[in-house]
Amino acid sequence: MTALTLDYLLARRIAVLGVGINNQALVAWLLKHKAESVTICDQNPAVRLDNPAWEQKVAWRLGADAFSHLTDFELVIRSPGIPYLSPFIQQAKAAGVEISSQTKLFFALSPAKIIGVTGTKGKGTTASLIFEILKANSLQTADYGESRSPSAVVHQPNIFLAGNIGRDPFEFLDDLTPLDWVVLELSSFQLQDMEQSPEIAVILDITSDHLDHHRDRAEYVAAKVPIVAHLRPEQAAVFNFDSDTVLGMVSQT
């Protein structure tokens, strides 16, 4: 997905699995950019939205068989609540269907730098603190530039907070520039099939969680590894030194 372009994305036959809040923002963004073929698949037969902006533009597959026949599509975008290792996802992948997620698409399309925060607990608090620090620093930099040279143009970066405690990233994707920073809270559900790491990866303590979603603790921990597995030499990672599990990830970047 690292080579994904907007034109390539919009020309695919796209299936969006699940119509939760995040995927609603994604579908709205796809339609805004004139995606040629968008189908929403959801196993809840009563989930169909009466959205006038979607009429005649979105196809629906609802009910128990909604995730069958995913080979009808070229690109399947799963919601975080649908495990990447689900049999129907893996069968589609084996048949040549490209599997993605809202998070993967955002990483591929965003021109801004991303600070990703993961861990078992404290992601939202830590992401919020980083956001406030960057926002305060950006304001101070602008004030300093104005005091030094009233006629100078200050290129002030915009700071965005996204994830469970912030805005959906597809609400502001079109507003981003290479100067901006996005602080993004990332769960194991989002990270498991990632093929890019953020500009700065922050890994808090990792214990055990979501074992109703992952087969066991080993899979849960492994699902976090992509946040550092694809880091480039010029990027950075911040590890929790007090967590043996987290320190075990150091060798994987």
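Scroll up to find the structure.
Predicted model only: the values in this text are computed from it and were never measured. Position labels on residues start from 1 in each chain and follow its written sequence. Predicted model: local features are reported for residues with pLDDT of at least 70 only, side-chain atom pairs are reported and counted for 80 or more only, and whole-chain, interface and lining totals are derived from all residues. In computing side-chain values, all of the structure's heavy atoms are included and hydrogens and water are not.

Positive phi, close to 65 degrees, is recorded for Lys34, a residue that is not glycine. Where helices and strands are cited, they refer to DSSP runs of H or I of at least four residues and of E of at least two residues respectively, numbered from the N terminus. Here Lys34 shows up in the loop between helix H2 (21–32) and strand E2 (37–42). We call a residue buried when its accessible area falls under 20% of the maximum for its residue type, exposed when it is over 50%, and partly exposed in between, using a 1.4 Å probe and counting protein chains only. Residue classification places Lys34 among the exposed positions, given a relative accessible area of 65%. Phi at His69 takes a positive value of approximately 60 degrees, unusual for a residue other than glycine. Positionally, His69 belongs in the loop between strand E3 (58–62) and strand E4 (75–78).

In plain words, nonpolar cores are sets of buried Ala, Val, Leu, Ile, Met, Phe, Trp, Tyr and Cys residues tied together by side-chain atoms within 4.5 Å. Among the nonpolar cores identified, the biggest contains 49 residues, and Leu9, Leu30, Phe106 and Val182 are the most heavily contacted of them. Contact definition: two residues touch when any of their heavy atoms are within 4.5 Å. Contacts of Val182, omitting those with residues within four sequence positions, involve Phe106, Ala112, Lys113, Ile114, Ile115, Phe160, Ala162, Phe172 and Leu176. Leu70, Val76, Tyr84 and Ile99 belong to the second-largest nonpolar core, a separate cluster that totals 14 residues.

Salt bridges are defined as contacts in which a side-chain nitrogen from Lys or Arg sits within 4 Å of a carboxyl oxygen from Asp or Glu. Per the stated rule, a full pass over the model turns up 9 salt bridges. In this structure, Glu74 and Arg13 form a salt bridge, with 3.6 Å as the shortest nitrogen-oxygen distance. A residue pair is termed long-range when its members are at least 10 positions apart, and Glu74 in the loop between E3 and E4 and Arg13 in strand E1 (residues 13–17) qualify at 61 residues. Among the residues examined, Glu74 registers a relative accessible area of 26% and is labelled partly exposed. The partner of Asp72 in a salt bridge is Arg61, and the shortest N-O contact between them spans 2.7 Å. With Asp72 in the loop between E3 and E4 and Arg61 in strand E3, this pair connects stretches of sequence that are 11 residues apart. On the basis of relative accessibility, which here comes to 37%, the residue Asp72 falls in the partly exposed class. Here the residues in one salt-bridge network are Arg12, Arg13 and Glu74, joined through shared partners.

Further remarks concern the packing of H2 against helix H4 (residues 102–109). Where H2 contacts H4, the axes come no closer than 11 Å and their chain directions differ by 45 degrees. What the angle tells us is that H2 and H4 run oblique. Like other packed secondary-structure pairs, H2 and H4 cross with a definite hand, here left-handed. Contacts from Asn22, Asn23, Leu26 and Trp29 of H2 reach H4 at Gln102, Leu105 and Leu109. Lys, Arg, Asp and Glu make up the charged group, whereas Ala, Val, Leu, Ile, Met, Phe, Trp, Tyr, Cys and Pro make up the nonpolar group; the residues left over, Gly among them, are polar. Across the contact of H2 with H4, the residue classes break down as 4 nonpolar, 3 polar and no charged. Interaxial angles span 0 to 180 degrees and are taken between N-to-C directions of axes, which are lines fitted to C-alpha atoms, for helices over the stretch in contact. Working rule for angles: under 35 degrees goes down as roughly parallel, over 145 as roughly antiparallel, 65 to 115 as roughly perpendicular, anything else as oblique. Left-handed describes a crossing whose near helix is turned anticlockwise from the far helix by less than a right angle; the clockwise case is right-handed.

By this definition, two strands are paired if DSSP reports at least two bridges between them. With parallel pairing, the 5 strands of this open sheet are ordered in space as E7-E8-E6-E9-E10. With partners counted over all chains shown, the strands left at the sheet margins are strand E7 (159–162) and strand E10 (236–239), one partner each. Across this sheet, the average inter-strand angle for adjacent strands is 15 degrees, counted without regard to direction. As defined by bridge partners, strand E9 (residues 200–203) adjoins E10 across 4 bridges and the pair is classed as parallel. Each bridged residue has a counterpart across the sheet, and for Ile200 the counterpart in E10 is Ala236.

Moving on, we come to the side chain of Asp193. Inspection of the secondary structure assignment puts Asp193 in the loop between helix H6 (188–191) and E9. Judged by relative accessible area, which is 6%, Asp193 ranks as buried. In this structure, Asp193 is in contact with Arg78, Tyr84 and Lys104, ignoring residues within four places of it in sequence.

Moving on: the packing of aromatic side chains. We describe a pair of aromatic rings using the distance from one ring centre to the other and the angle between the two ring planes. Each pair of aromatic rings taken from Phe, Tyr and Trp, with Trp reduced to its six-membered ring, is defined by centres within 6.5 Å and is described as stacked if the planes are under 30 degrees apart, edge-to-face if over 60, and tilted in the remaining cases. Here the structure, examined in full by the defined rule, presents 6 aromatic pairs. Ring geometry for Trp29 and Phe170: centres 5.2 Å apart, planes at 75 degrees, overall edge-to-face. Here the residue Trp29 occupies a position in helix H2, and Phe170 occupies one in the loop between E7 and strand E8 (181–185), the gap between them amounting to 141 residues. We classify Trp29 as buried; its relative accessible area is 4%. Ring geometry for Phe160 and Phe172: centres 4.4 Å apart, planes at 20 degrees, overall stacked. Taken together, the residues span a long stretch of sequence, with Phe160 in strand E7 and Phe172 in the loop between E7 and E8 at a distance of 12 residues. Of the two residues, Phe160 and Phe172, neither departs from the other in class, the shared state being buried.

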